Amino acid sequence: MSDVLLNPQDLAAIRLTLQLAAATTLVLLCVALPLAWWLASSESRWRTPVSALVTLPLVLPPTVLGFYLLVLMGPDGPLGRFTQSMGWGLLSFTFTGLLIGSVVYSLPFAVQPLRDAFEASGRRPLEVAQTLGATPLQAFITVALPLARPGLLTAAVLSFAHTIGEFGVVLMIGGNIPGRTQVVSTQIYGHVEAMDYGNAHLLAALLLLFSFVVLFGLSLLGRRRFRVLP
Amino acid sequence: MNGMTIKGDSRLAAAHALAPPVLRAEPPADLELALSMVRPDFRLDVELRLPAASISVLFGTSGSGKTTLLRAIAGLEPEARGRVVVAGVVWQDDPAGVRRPVWQRGVGYVFQEASLFEHLDVRGNIEYGSRWRKGGGADAGAEAGRRGFEALVEILGIGGLMGRRVDTLSGGERQRVAIARALAARPALLLLDEPLAALDFARRDEIMGWLEALRDHTGTPMLYVTHSLEELARLADLAVVMQAGRVTATGAPEAALRAAGLAALADRLVRLRHA
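Residues numbered from 1 in each chain as written. Chains lettered and ligands numbered in written order. Predicted model: local features only at pLDDT ≥ 70, side-chain atom pairs only at ≥ 80, totals over all residues.

Engineer: Explain the sheet that holds strand 2 (residues 42–50) of chain B to me, please; I cannot follow it from the model alone.
Structural biologist: Within a sheet, neighbouring strands are paired by backbone hydrogen bonds and run either parallel or antiparallel to one another. Residue and element names in this part refer to chain B. The antiparallel open sheet is built from 5 strands, whose spatial order is 2-1-4-5-6. Bordering the open sheet on either side are strand 2 and strand 6 (98–99), each of which pairs with just one other strand. Of the strand pairs in this sheet, strand 5 (residues 89–93) and strand 6 are connected by 2 bridges, and their pairing is antiparallel. Within strand 6, the position partnered with glutamine 92 by the bridge is arginine 99. Sheet contacts for helix 4 (residues 66–74): strand 1 (31–39), strand 2 and strand 4 (81–86); angle to strand 1, the most-contacted strand, approximately 115°. (Pairing = 2+ DSSP bridges. Helix = DSSP H or I, 4+ residues; strand = E, 2+ residues; numbered from the N terminus. Contact = placed C-beta atoms within 7 Å. Axes fitted to C-alpha atoms, helices over the stretch in contact; angles between N-to-C directions.)

Engineer: Just to check I follow, could you spell out the pairing of strand 1 of chain B for this structure?
Structural biologist: Looking along a regular strand, one sees side chains alternate from face to face of the sheet. Residues and elements named next belong to chain B. Taken together, the 9 bridges between strand 1 and strand 2 define a ladder with antiparallel strand orientation. Its bridge partner lying in strand 2, arginine 39 is registered against phenylalanine 42. Joining the antiparallel neighbours strand 1 and strand 2 is a turn of 2 residues. Looking at chain direction, strand 1 and strand 4 are connected through 6 bridges and run antiparallel. Residue pairing across strands places leucine 31 opposite valine 86, the latter belonging to strand 4.

Engineer: I keep staring at the packing of helix 6 (residues 95–121) of chain A against helix 9 (residues 149–164) of chain A and nothing clicks. Help me out?
Structural biologist: The axes of two packed helices give the description: the angle between them and the distance between them. All names here are of chain A. Direction vectors running N to C along helix 6 and helix 9 enclose 160°, while the axes themselves pass 8 Å from each other. On the basis of the axis angle, helix 6 is roughly antiparallel to helix 9. Where helix 6 crosses over helix 9, the two elements pack in a sense that is right-handed. In this structure, helix 6 uses Ser102, Ser106, Phe109, Ala110, Pro113, Leu114, Asp116 and Ala117 to contact helix 9, whose residues at the interface are Pro150, Gly151, Leu152, Thr154, Ala155, Leu158, Ser159, His162 and Thr163. Class assignment for the residues of the contact of helix 6 with helix 9 results in 9 nonpolar, 7 polar and 1 charged. (Parallel < 35°, antiparallel > 145°, perpendicular 65-115°, else oblique. Left-handed = near helix turned anticlockwise from the far one by under 90°. Nonpolar A, V, L, I, M, F, W, Y, C, P; charged D, E, K, R; others polar.)

In structure tokens, the structure reads:
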């Protein structure tokens, strides 16, 4: 049925969006786990500035973020020079470029729930594990991570959903190239620009439905978690 | 108390399985401490040598440094300097550059709140204790480990709780599981930091009974922190009185209190014993 309703370009945009969101979520969990752990447990004086820096994408207009990333990845930017010297070419207007942008853009959505979870369980369970003979790394894997599981789930879902919904950064870095960097949100913009309201409606409704289902599911999970507690 | 004497024999047998063979072969373990630590608002300065009394009670008002000393012994206070020797094994000797990290000290630690791992059931919590440190001696294989585990469960009376989620346990049950978990790691020294503070009167009495059973049936020396005269009276083989970060007296409970200039407390202790 979707073949009838959605044209191939829309389908390609949906596929790319899902790929981007999945890849972003994976990379983000790898980056955000140690970062959130450090923010939750470190007593370094760098903690506060780093915390502010991580939160920055939450308040910055996506165009500002996209602009700086574009400059960074461009032929004269430090990252652009590096990738060129390695023979990888430029990252702007590529999937990898989009991925980097999405990771930065959704960073606070992954870090904050994890940090909250780590802070909520506190230092005590790790001290207990260490007095029982576990090294700090073993204690982290067998105690801190399982205790932070609700935060881990929230971080993954929010990263995924937020990446699906991004627009400004993707437009700045990716340039809305069909099949390569055109995602659902930018495709909607394209449809509207072309006065093709029918297809815009369809994709917009899809995104709306998806976002609702995700948030609804998250709060259901949250409710079940609280209900188990005495 | 009758129930305890009747069950005494099986507990004793169980306890023998529990005590690591290496510990039993050695002369009684003793504890040698010389620790100091300076904080802006507090100074800890302790020199102490304790015989292998089964239960030594660190007694003092809150803020006297009992908990800090216990944490320093376990290696949980990085700023604490000095020397810690337990049963002839040097855990820390800063002048000589020796400092075992927490996880390489053979310590068991029972915190004020049971601090059970909420993601594991009772069995999982106790097994976590025997997961990382392998055996007490070369002969201590899986079989010895299993017997030790069963003995522990028996002594602390937690056999019926094994499959339970820890958030369904009562305060007294939680603390018993925490004690079993600490002992499952076969510590050379068990540290208990006001383990009864969060419990009501009846639970306290009950746990003290379990601790006495442990004292009688395992060889593990205990260092027990409290500010409760009642616990001092009932549990202490040896009292260590702490005031303002220093040890002011050591000895039999009543004598130690008098030596520390706490005659009124000593009188109350005597009355408690006769009550």
